[in-house]
2 protein chains.
Amino acid sequence: MPQSTLTHLECSLTGQTYEADQVMNLAPNSQRPLLARYDLAEAAKSLTPENLVRRKPGMWRYREVLPVRSDANVIDLGEGSTPLLKAARLGETIGCQNTYIKDESLNPTGSFKARGLGMAVSRAKELGESVLAIPSAGNAAGAMCAYAAAGGLEAHVYMPRDVPHTFKAECQAYGGSVTLVDGLITDCGTKVAEGVQAHGWFDLSTLKEPYRLEGKKTMGYEIAEQFDWTLPDVIIYPTGGGTGLVGMWKAFAEMEEMGLIGSKRPRMVTVQTTGCAPIVRAYDRGERFADEWENAATIADGLRVPKAVGDFLILDAVRASEGTAITVTDEAIMESVGLMASLTGVFPAPESAACLEAQRVLLSQYMIGRDETVVLFNTGTSLKYTHLFG
Amino acid sequence: MPQSTLTHLECSLTGQTYEADQVMNLAPNSQRPLLARYDLAEAAKSLTPENLVRRKPGMWRYREVLPVRSDANVIDLGEGSTPLLKAARLGETIGCQNTYIKDESLNPTGSFKARGLGMAVSRAKELGESVLAIPSAGNAAGAMCAYAAAGGLEAHVYMPRDVPHTFKAECQAYGGSVTLVDGLITDCGTKVAEGVQAHGWFDLSTLKEPYRLEGKKTMGYEIAEQFDWTLPDVIIYPTGGGTGLVGMWKAFAEMEEMGLIGSKRPRMVTVQTTGCAPIVRAYDRGERFADEWENAATIADGLRVPKAVGDFLILDAVRASEGTAITVTDEAIMESVGLMASLTGVFPAPESAACLEAQRVLLSQYMIGRDETVVLFNTGTSLKYTHLFG
């Protein structure tokens, strides 16, 4: 059985290293995200294309480069190995034949959050934590509660008061404790921090512990494996906290170091909405850190993130990849939902429809070539958002 | 590349055979379901455990025993290869350690209907049909519309007027034409039959064409493969139209003929609700055909099927397997939703919570042994039913 080759944690800003088998949130000195590091030379011995062909589907197939050490701590609900669908009819319609959708809605709890939270809850359990807390626009909360239920941990979630009913119902069914907060996800984060102080809960906020990133990065491994160890020309990704984009970028570097892929990288396109675009604004200004966005408002709940602790990691990846950052409007998102659903059979979350709109704009601006291979992310099921549709 | 070994169609009641590559609904003489038959000796040459280990996940991995002949007609949204989860905490709580959940909610459109409709729409396309129609309690409609959208076919769905909003929104997003009917699914079926007469639509009603069954049967192949080519002691299955139960039973026979499994069969338990239990009533009366249930009513929409054209196929399988048929109440279903969700991380559809309640009853009656291996089906996501929860 393959084993984790986790060696240490490293501050993403300063490079300072920390022992891996202790409970950590942000790097103590910089208050920035910690990255998990592995013995990639060791991992490369068994994490080979030949071995992977014979492994079961799911994100745990990349076990050598995942942080959980003991099988007993793996909480597996079937996350990962989501389909990469060639969207033939859509591609023809928008004039970009090689358009693919990575359909993350086929994860447990209906979103890509299952990867990050599945990993983080498993690792928190391994390190002895038993009470977890999270601020969430909805999907992360549902995922955390599901994995906590499966693993026998206690879950406290804080969501904005206007969160769709489905998210509350889901968390409560899993036995999670749900608190609705007047405000945005940043305000929910403040409440979680208070609970951490008062009760010693473990904080699973995006990028505020090292392991959600490790779950999300498996999207990068899968894309490479599904494209037979090559990478597409462009990846268009809806960016709230940015863990997925940063995770894939980390995965590409690990894979190159292990000899699984070459040096080619996709151009990473980060999509936000005109109502909340801190990363796009910082990109346009040439800044590495993004100021908080005031009065954030958009129908795409997952993109209503006014401040991201991993801002510089997102911006570094976008720039290093020669990608771009782009905003779309809520109106364009709603139009794109129907376009994608009716031409692909994938009913996208608003966040994902934003990616399609971004692709159309970038095609029209010749920033994506019509023969290029483009991957759009459907980050979650729209079944949680049907209040938006007639 | 593996090929379909489809040879002919056979009437499930009379055994009369028909040519396979023509459009068929029910068997013309008996008005009963047609079954697809294969050259299993040929199929067995390549459909081996060794070859399967190397094939990609998804229901199309069993291509030799599926009806679609040309790759060009396969409409693949990533259906199949759903997780088989060991429910450790739940098993401990109810006193049945080897309890597993086959989580079909991880299919496209969030339900097991994706298998049957993915197969049937693909095959309908292959046989030249372009306009499809279906009566549905909801999940089948969404699945048909999704596959029709991906494949470029026209979709007409008829659902009871009280169907949850999410189902309508989903079908409409996929570009389907939605008609709400005052009545039950049987009344919707009458409307579809009128459309077939008037407009030449192709009728995709459960078991009224031969190929939905072929998609559903892949659940049986998967369970065998996931249990390393053995079968569990008991399968508990919520029964509306019964296609999945009949399909798995057919799969087991095919697998035995191909030498993939032995003669052991699971005891098949069919679960209905006290408000609509035509199959259980017929089982109790020792009858092979089930009378229509009057005034059907239950919160489990998928079990509100007063009359099933495959009634005798369901009852034959239950009896041959030495299984049983059992009813549960809506109240017990609602309790079981929370029990399953909070102990497993799987938020079950009401239909699936019914399976857990049935398991508890049968354990208490010593009809399931506490050391037996039991598989419960989560047939679809509860995200479509959150109106039922606070």
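Structure's up top.
Cut-off values and rules
Residues numbered from 1 in each chain as written. Chains lettered and ligands numbered in written order. Predicted model: local features only at pLDDT ≥ 70, side-chain atom pairs only at ≥ 80, totals over all residues. Heavy atoms only, no water. Helix = DSSP H or I, 4+ residues; strand = E, 2+ residues; numbered from the N terminus. Buried < 20%, exposed > 50% of the residue type's maximum accessible area, 1.4 Å probe, protein only. Lys, Arg positive; Asp, Glu negative; His and termini not counted. Salt bridge = Lys/Arg side-chain N within 4 Å of Asp/Glu carboxyl O. Contact = heavy atoms within 4.5 Å. Axes fitted to C-alpha atoms, helices over the stretch in contact; angles between N-to-C directions. Parallel < 35°, antiparallel > 145°, perpendicular 65-115°, else oblique. Nonpolar A, V, L, I, M, F, W, Y, C, P; charged D, E, K, R; others polar. Least-squares fit on C-alpha atoms with pLDDT ≥ 70 in both. Polar contact = N/O pair within 3.5 Å; in protein donor to acceptor, adjacent residues only side chain to side chain.

1. Brief notes about unusual backbone geometry
Then comes step 1: Of note in this structure, Ser81(A) is not a glycine but carries a positive phi near 50 degrees.
Then comes step 2: If you trace the backbone, Ser81(A) turns up in the loop between helix H2 (49-53) and strand E4 (84-86).

2. Thoughts on the side chain of Asp301(A)
Residue and element names in this part refer to chain A.
Then comes step 1: Relative to the helices and strands, Asp 301 is located in the loop between helix H11 (278-285) and helix H12 (311-320).
Then comes step 2: Put simply, Asp 301 is tucked away with no salt bridge, and the nearest opposite charge, on Arg 304, sits 4.8 Å away.
Then comes step 3: In this structure, Asp 301 is in contact with Ala 137, Pro 164, Glu 351 and Tyr 385, ignoring residues within four places of it in sequence.

3. Re the packing of helix H13 (residues 330-344) of chain B against helix H14 (residues 350-364) of chain B
All names here are of chain B.
Then comes step 1: With their axes 8 Å apart at the nearest point, H13 and H14 run at an angle of 90 degrees to one another. One element, H13, and the other, H14, form an angle in the roughly perpendicular class. Facing Ala 332, Ile 333, Ser 336, Val 337, Leu 339 and Met 340 of H13, the residues of H14 in contact are Pro 350, Ser 352, Ala 353, Ala 354, Leu 356, Glu 357 and Arg 360.
Then comes step 2: Considered class by class, the residues forming the contact of H13 with H14 number 9 nonpolar, 2 polar and 2 charged.

4. Brief notes about the environment of Phe112(A)
All names here are of chain A.
Then comes step 1: With respect to the helices and strands, Phe 112 occurs in the loop between strand E5 (99-103) and helix H4 (113-126).
Then comes step 2: Separated by 245 residues in the primary sequence, Phe 112 and Glu 357 have C-alpha atoms spaced 20 Å apart.
Then comes step 3: The contacts of Phe 112, once residues within four sequence positions are left out, are Glu 104, Asn 107, Lys 216, Met 219, Tyr 237 and Thr 379.

5. Some words on the relation of the copies chain A and chain B
Both copies of the chain are related by a screw-like operation: a rotation about an axis and a shift along it.
Then comes step 1: Each copy of the sequence occupies a distinct position, and chain A is placed on chain B by a rotation of 180 degrees and an axial shift of 0.0 Å, giving an RMSD of 0.0 Å. Both copies are brought into coincidence by an operation consistent with a two-fold rotation axis. Closest to the rotation axis within chain A is the C-alpha of Leu106(A), separated from it by 2.5 Å.
Then comes step 2: Here 100% of the contact residues of chain A are again contact residues in chain B; the copies associate through an equivalent surface.

6. Topic: the interface of chain A and chain B
Then comes step 1: Listed by partner, the interface residues are 39 residues for chain A and 39 residues for chain B.
Then comes step 2: Taken together, the connections running from chain A to chain B amount to 10 residue pairs in polar contact (both at pLDDT 80 or more).
Then comes step 3: Where the side of chain A that touches chain B is concerned, the elements lending two or more residues are helix H5 (139-151), helix H6 (165-173) and helix H13 (330-344) of chain A.

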